[in-house]
Amino acid sequence: MSDTDIIAELNEQFGSGNKKLEADVVAELRSIMRLYQLSVEDLFFKWESYCIKMDIDAAQTAIETLRHFKQDLHDTLERTSRSHVKIKTEKGVSATPRAPRVSGGDVFGMLDSLTTPGAGRASKVGAKRTSAVTRVKVEPASSPVKLADQLDSLGAIPPSSFNDRANAGETVEILNDQLPAAEPPIAPFSESRIKLTAASDQKKLGYKPLAMKASESSEILDDRIDDFVSLVMQHHRLEESAFGSAASQSTSEIVAVGRIASDSSEGKLNAASLVLETSRRMGGGLRVPLNVSKLKGYQFFPGQIVALKGVNSSGHEFTIHQILDLPLLPNAASTPDSLSAHIQRLGGGPDAMDSDSDPAPLNVIFASGPYTADDNLDFEPLKALCNEAADIYVDALVLTGPFIDVEHPLIASGDFDLPEEFLSSIDPDTATMSTVFRYLISPPLNRLASANPSITILLIPSVRDVLDKHVSWPQDAFPRRELGLPKAAKIIGNPMTLSMNEIVLGISSQDVLFELRHEELVGGRPQEPRLLERACRYLVEQRHYFPLFPPTDRKKLPKTGKGDGVGPGAVLDVGYLKLGEMVNVRPDVLVVPSSLPPFAKVVESVLVINPGYLSKRRGAGTFAKMTVYPPDLAKQEQTGGMLAHKIFERARVEITRI
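Residues numbered from 1 in each chain as written. Predicted model: local features only at pLDDT ≥ 70, side-chain atom pairs only at ≥ 80, totals over all residues. Heavy atoms only, no water.

(A) Representation of the overall build of the protein within the structure. Helix and strand counts for the protein come out as 17 helices and 25 strands. In the protein, once contacts between residues fewer than 6 apart in sequence are set aside, the share between residues at least 24 apart is 74%. Counting only carbon and sulfur atoms, one obtains 50% of the accessible surface of the protein, whose full area is about 31900 Å². (Helix = DSSP H or I, 4+ residues; strand = E, 2+ residues; numbered from the N terminus. Contact = heavy atoms within 4.5 Å. Areas by Shrake-Rupley, 256 points an atom, 1.4 Å probe, with all protein chains shown as cover.)

(B) Representation of the pairing of strand 3 (residues 254-262) within the structure. Extensive coverage of strand 3 is indicated by the burial of 9 of its 9 residues. In this structure, strand 3 lies alongside strand 7 (residues 305-311), joined through 6 bridges in antiparallel fashion. Within the sheet, the bridge partner assigned to Ile254 lies in strand 7 and is Gly310. (Buried < 20%, exposed > 50% of the residue type's maximum accessible area, 1.4 Å probe, protein only. Pairing = 2+ DSSP bridges.)

(C) Region of the structure containing empty space enclosed by the protein. Taken as a whole and assessed by the stated rule, the structure comprises 2 cavities of 30 Å³ or more. The computed volume of the largest cavity comes to approximately 50 Å³. Lining the largest cavity, in full, are Pro370, Tyr371, Thr372, Leu377, Phe379, Phe403, Ile404, Asp405, His408 and Ile411. By volume, the second largest cavity amounts to about 40 Å³. Lining the second largest cavity are Leu346, Leu362, Asn501, Glu502, Ile503, Val628, Tyr629, Pro630 and Arg650. Residue composition of the lining of the second largest cavity, grouped by class: 6 nonpolar, 1 polar and 2 charged. (1 Å grid on protein atoms, 1.4 Å probe; cavity = no way out; pocket = protein on both sides within 12 Å on 5 of 7 lines; lining within 4 Å. Points joined across faces, edges and corners; volume = space filled by probe spheres on them. Nonpolar A, V, L, I, M, F, W, Y, C, P; charged D, E, K, R; others polar.)

(D) Up close: the pairing of strand 11 (residues 396-400). In terms of burial, strand 11 is largely enclosed, as 5 of its 5 residues are buried. Side chains Ala396, Val398 and Thr400 project from strand 11 onto one buried face, and the interleaved Leu397 and Leu399 project onto a second face that is buried too. In the sheet, strand 10 (residues 362-368) pairs with strand 11 via 5 bridges, with the strands oriented parallel. Along strand 11, the bridge assignment pairs Ser368 with Thr400. Chirality of the crossover, the property in question, places the unit of strand 10, helix 10 (residues 380-392) and strand 11 among those that are right-handed. (Right-handed = clockwise from strand over helix to strand, strands pointing away.)

(E) Quick peek at the packing of helix 15 (residues 512-519) against helix 16 (residues 531-542). Where helix 15 contacts helix 16, the axes come no closer than 10 Å and their chain directions differ by 110°. The pairing of helix 15 with helix 16 is recorded here as roughly perpendicular in orientation. Contacts between helix 15 and helix 16 pair Val512, Leu513, Leu516 and Arg517 from the former with Leu531, Ala535, Cys536, Tyr538 and Leu539 from the latter. Of the residues belonging to the contact of helix 15 with helix 16, the class tally is 8 nonpolar, no polar and 1 charged. (Axes fitted to C-alpha atoms, helices over the stretch in contact; angles between N-to-C directions. Parallel < 35°, antiparallel > 145°, perpendicular 65-115°, else oblique.)

(F) Layout of the side chain of Thr627. Relative to the helices and strands, Thr627 resides in strand 22 (residues 622-628). Take Thr627: its relative accessible area is 4%, and that puts it in the buried class. Here the side chain of Thr627 touches Asn363 through a polar contact of 2.9 Å, side chain to side chain. If we ignore the near neighbours within four places in the chain, the residues touching Thr627 are Ala182, Pro361, Leu362, Asn363, Arg650, Ala651 and Arg652. (Polar contact = N/O pair within 3.5 Å; in protein donor to acceptor, adjacent residues only side chain to side chain.)

Next up, the structure:
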C-alpha cells in the first residue's frame, strides 16, 4: 500500500468529519504502525479499546493522547513478554523459582497489578469540563488490575465507606444538553402524572423454568430464521425464487438467511470459524462455512440473523458478495388526541387551573443493582438514591435487579446479621430472604412513597436475585407478598415493554452489551465503527433484548464477589426466547444496564440508556435521570393520522454519580 493510500485510510478512520489529521498526528500514527507492525484497521481497533478503557473521546486524536496510547501499547507488550518468560522458566526442571523482578523493590510482585482509585475512568462532563489531553495526564498510561483480589485475601483492604466517596453528585455525561435541566416542583403533585400500559404479556413469563426440551428449543431457533426470511422478502421486494440454501452447490447467486455461528464450541468467533446455520425449511438445518474475503467490512456475532447475497460454487463454502440490511421495526407513534391527553395529564388533569405556561416535564430516574458494596449490607447507595428522588419529586423511579444479589459474598456465605433495631420483631428461626428484603430494601422505598405519594416505582428482577424462584431468562416477576413494599411500587417481568404515557419503554436487566462486545467479530471497515453504538444497534436490528446465542461462557464474564467469582451467566431458557422480542414498534427508550461505562446514546431513533450499576463491588456507582419535555403538537408532522413520539429529541439524560 502506498504512502498516499495509508494517509487516506488514516484520515478516514481517525479523522473527524471533513477535517483531516494534522501532520504530526499522522506521523505519530505511522510510527506506531511501524513499531508494532499494525495495519490501519488493527491500529484503529486498539485505539478504540484504549479510549473506552481510559474513558476518553476517540475523536480527540491529540498528539499528547497518542503518545500515552503508544506507551500503553508498549506496557501491554512488555507485560505479555514478561508473563511468557515466567511460564518458560517454570517449565524448566532445574530452574530456581524466583519472584518476578519489579522496579521499586516489589519482592512479591504484588504491585505489578496496582490499581489506583478511579484509574481508567474520568468524567466526560463535570463542574469543570476537562479536555481529553488533561484527562490522560492525570491517569496512568496503563491500568493493571487485580491487586484488590490479592490484598483482599491478606485482609489488607479496609471496608469501603460510602460517606467518603469522591465526586458524589457529579454529572458524568449529558445527552441533549441544549435542553434545560428541569426545576423541581415546590411540592409533590396531587396525583400521579404517569399512565402505565403493558405492551408485553406478563402472564406468559410465568412459564415453568428448568423444563426445557431440545425439540421445542430447536423449533424456536428455526422459526426465528423463517420469520426474518419473510421480513427480508417484503423489505427488499424479492421473489421467493431469489432465496436458497447456502449449503447447496450452485453457480447462481442467491440470498441466504440464517444464523451466525462458530464451527467450534470453544474460543472466540473468527473469520476462519465463521459459519451460517440454516433453518430446516430453508437449508435442512445444515451449517456452511462463510468466505468474507470479498466484503469491505463486516460485523457479526453468534446468534445474529443475517441475510447474505452470494454463491456456493464449490459446495464447501458460501462466498458473501453483499450483506443485506434487515428491516427495522417502525417508530412508535400516537394519535394527536392521545398525545393531547398525555400533555393534559402532565399539567395536572382536566380539573387543574388553566395556565398559559407549558406543563412541567416528566422526570424519571433509572438505576440498576447491585445496591450495596461487597463488604456490607447497608444499602447506602439505595438510600441515597431514594433521598435524591424524594428531594426533586421525580415522577417515576425505575430499578432493575439484582436487589438481593445471590453473588454478594455475605449473602452467598449466609454470614450476616440484620440491624439490631429489627431483631426484636424477627424470629431468627423463621426469617427468610423476604424478611431481609422487607427490613433492608423496602424501608427507603416506603419513605420515598411517603414523601412523594404520586410517584410510580417499577422493580425489574434479575437472574441474580436470590428472592426470585424463576431462575431463567425471560424471567417472571417475583411475588410482592411479605416484602412490605409501598402501593406505589409495581414489580414487572424481565424483559418488559411498556408505555409510560406516550413513551414506549423497553427494559431488561441482562448485561447483553458486555456479552455482545465480548463475542462480536469485526473486520475491515464495519458499518458502525463505534463499539457502543454498534452493540446497541444489534438489539434494535435484531428486534430482541438478548439476540446473542449461545451466550458468553460465564467464566469470561466480569468477576463477582462470591467464592470463585463466577456468576450464573445469562441463564437462557431457549424454548421461551420469543418472549424476549421487542413488541410491534421500536422502543422510544431502551434501558440496558451493563458493566460497560454508563452512557446515553441515540441509535436508530431509539434513546439507549446504560445507567451503570448504582454500587460497584468496592465503591459507589452511577444512575441516570431523564427529563422528557411535552411534544409541541403544532410543529409535529402527521403520518397517516399519527404523530411520531421523537423522544430522543425532547429528552435530556444525565448520567450522575450517586
